[in-house]
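A look at the structure
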Amino acid sequence: MVDRVRTDRPRRVSILGATGSIGQTTLGLLAENPAGFELVAVTAHRNVARLAEIARQFRVQFAAIGDETLLPELRSLLTGTGIVCGGGLSALSEAAAYPSDLVMAAMVGASGLVPTLTAIRRGAMVGFANKEVLVCAGHLVMAEAAKYGAKLLPVDSEHNAIFQVIQTNPTSAIERIILTASGGPFLGWSLEEMARATRAQAVRHPIWSMGDKISIDSATMMNKGLEIIEAHHLFALPEPQIEVVIHPQSVVHSLVAYCDGSVLAELGTPDMRTPIAYALAWPKRMAKGGKRLDLSRLGNLSFAPPDPVRFPALRLARAALAAGNGAATVLNAANEVAVAAFLKEAIGFNQICAIVEECLAGLSNQTITSLDDVFALDREARHRAEAEVKHWTGRASILGAVTERSQAPWLQTTALN
Ligand SMILES: NC(=O)c1ccc[n+]([C@@H]2O[C@H](COP(=O)([O-])OP(=O)(O)OC[C@H]3O[C@@H](n4cnc5c(N)ncnc54)[C@H](OP(=O)(O)O)[C@@H]3O)[C@@H](O)[C@H]2O)c1
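Numbering of residues starts from 1 in each chain and follows the order in which that chain's sequence is written. In view of the model being predicted, local features appear only for residues whose pLDDT reaches at least 70, and side-chain atom pairs are presented and counted only at 80 or more, with totals across whole chains, interfaces and linings using the full set of residues. Side-chain numbers here rest on the full set of heavy atoms in the structure, without hydrogens or water.

With that settled, the discussion passes to the domain arrangement of the protein chain. Once the domains are mapped, the protein chain shows domain 1 (11–155) and domain 2 (163–263 + 305–412). Residue ranges for the domains trace back to a domain assignment, done automatically or taken from a database. For domain 1 versus domain 2, the distance between C-alpha centres works out to 26 Å. Any two residues whose heavy atoms approach within 4.5 Å are treated as being in contact. If you look at the interface, domain 1 gives 23 residues, while domain 2 gives 29 residues. Two parts placed together each lose some accessible area; with a 1.4 Å probe, that loss summed over both constitutes the buried area. Of the roughly 1900 Å² buried where domain 1 meets domain 2, counting both sides, 72% is carbon and sulfur surface. A pairing counts as a salt bridge when a side-chain nitrogen of Lys or Arg comes within 4 Å of a carboxyl oxygen of Asp or Glu. One can count two salt bridges joining domain 1 with domain 2. Here E227 and K131 are joined by a salt bridge, their closest N and O atoms 3.1 Å apart. Throughout this description, a polar contact denotes any pair of N or O atoms lying within 3.5 Å of each other; where both atoms belong to protein, one of them has to be capable of donating a hydrogen while the other can accept it, and for residues adjacent in sequence the pair is counted only when both atoms sit in side chains. Taken together, domain 1 and domain 2 are joined by five residue pairs in polar contact (both at pLDDT 80 or more).

This is the structure we're talking about:
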């Protein structure tokens, strides 16, 4: 297990997904605190030029590119630096295994599962941004974290807020947690308007600047659905104790309600640098510049329940969580395929959730006891979702699809929040 509270040397950090939005924000904080941190290993998928730039700037020891065909280019870009290069999935895991105190898990999608587990299995602290890892294999990941003594530090602003609150209060006294949701770019749009939404409109989040996949997830509110499942695993709470409330200003990052009626929240300006800084410095805090929250200037904060008709993703995620077994693996895989298809402009916006629902209804809910089970079900769900994408490609947008209920009884059992 790594020594997580040593203060006599800079904290050694690795970043899985260093070229992405979370990766870049993390790099910014490291650059501002050169005495506090040493970046030792970085990864990317295909952005080899940026990866090489980062590797040179931070003088890392190891750089890995997920797309193995780009390894010769990475090597050539880093010639003469002494930086060791790797390519392919095994190299991503090698980066995660590289001796460091904290691994920032900032890849996107289930592709982060194997490298993140590698970090967990050496007992590292893991800054957890890559929520899909917990959605597709939460029970296995949490069991491995407990077995190897890995500390999971939530980076999603909502889960980070809850994590901060529960540090000083008994978890047994928690009545429920309340995840806030900005509502995304289509909060006030009708279903008909959403059916015609373009890629450019969907990725333009009103508050946060993020990678494409999470931006689309925020627009469908599947992001909040994934976060319900993530919270269930991180905080060991059953689905009915996890509420969602729309809060467009994204100032209250989430709340914890206790058995005595107290509700504690973490507030701040919407800035991912804050939860990332918290994870980087845990269990201490590091100073960070930037805008400070000024409540008197802010005026009103508003809260409202989510609309289950325009945003069926919440119902689907709750149903998958309540169903247990492999349902969340299917939900995640189908959503990844559908979002990728929307980003390629192959399907309409409302078809994303319709495809997820079809996959959940069409695949039997299989028991998951091993990583191989996860991989097999993930593959099966992707095939099914790809067939659904083919079915819808080129067809007129399906306005009604999102409000239809499937025939799968387990999809209809949970509340609509
Ligand atoms: N962005 C946010 O503000 C935010 C907030 C909360 C939570 N999160 C979560 O954090 C994670 C990262 O989000 P993001 O917005 O930073 O994503 P992003 O900007 O798309 O970055 C993804 C990173 O992962 C790499 N990557 C993508 N696919 C890969 C693959 N198959 N194999 C290896 N590496 C791969 C990318 O490399 P290339 O650049 O080479 O493609 C990039 O470095 C997501 O799970 C998201 O839900 C993000």
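A separate point is the site of the ligand. One heavy atom suffices: a residue is near a molecule or strand as soon as one of its heavy atoms comes within 4 Å of it. Taken together, 24 residues lie near the ligand, and T19, H45, R46, N47 and E132 sit nearest. G17 is positioned with one of its backbone polar atoms (N or O) 3.3 Å from an oxygen atom of the ligand. Side-chain polar atom of T19 to an oxygen atom of the ligand: 2.6 Å apart, as the coordinates give it. In the complex, 85% of the free accessible area of the ligand, which totals 900 Å², lies under the protein chains. If you list the elements that add at least two residues to the shell around the ligand, you get α1 (21–32) and α6 (131–148). For this classification, the nonpolar set comprises Ala, Val, Leu, Ile, Met, Phe, Trp, Tyr, Cys and Pro, the charged set comprises Asp, Glu, Lys and Arg, and every other residue, Gly included, is treated as polar. Tallied by class, residues from the shell around the ligand come to 11 nonpolar, nine polar and four charged. A domain split of the shell around the ligand shows at least three residues from each of domain 1 (11–155) and domain 2 (163–263 + 305–412). For every accessible area listed, the method is Shrake-Rupley and the probe measures 1.4 Å; residues are considered covered only by the protein chains on display. Put simply, DSSP marks the helices as runs of H or I at least four residues long and the strands as runs of E at least two long, and each gets a number from the N terminus on.

What follows covers the sheet that holds strand β1 (residues 11–16). The pairing criterion is simple: DSSP has to find at least two bridges between the two strands. Strand order in this open sheet of seven strands is β4-β3-β2-β1-β5-β6-β7, and the pairing throughout is parallel. Unpaired on one side and paired on the other, β4 (84–87) and β7 (151–154) mark the two borders of the sheet. Averaged over all neighbouring strand pairs, the angle between strand axes comes to 20°, with direction disregarded. Axis definition: a line fitted to C-alpha atoms, over the contacting stretch in the case of helices. Angles run 0 to 180 degrees between N-to-C directions.

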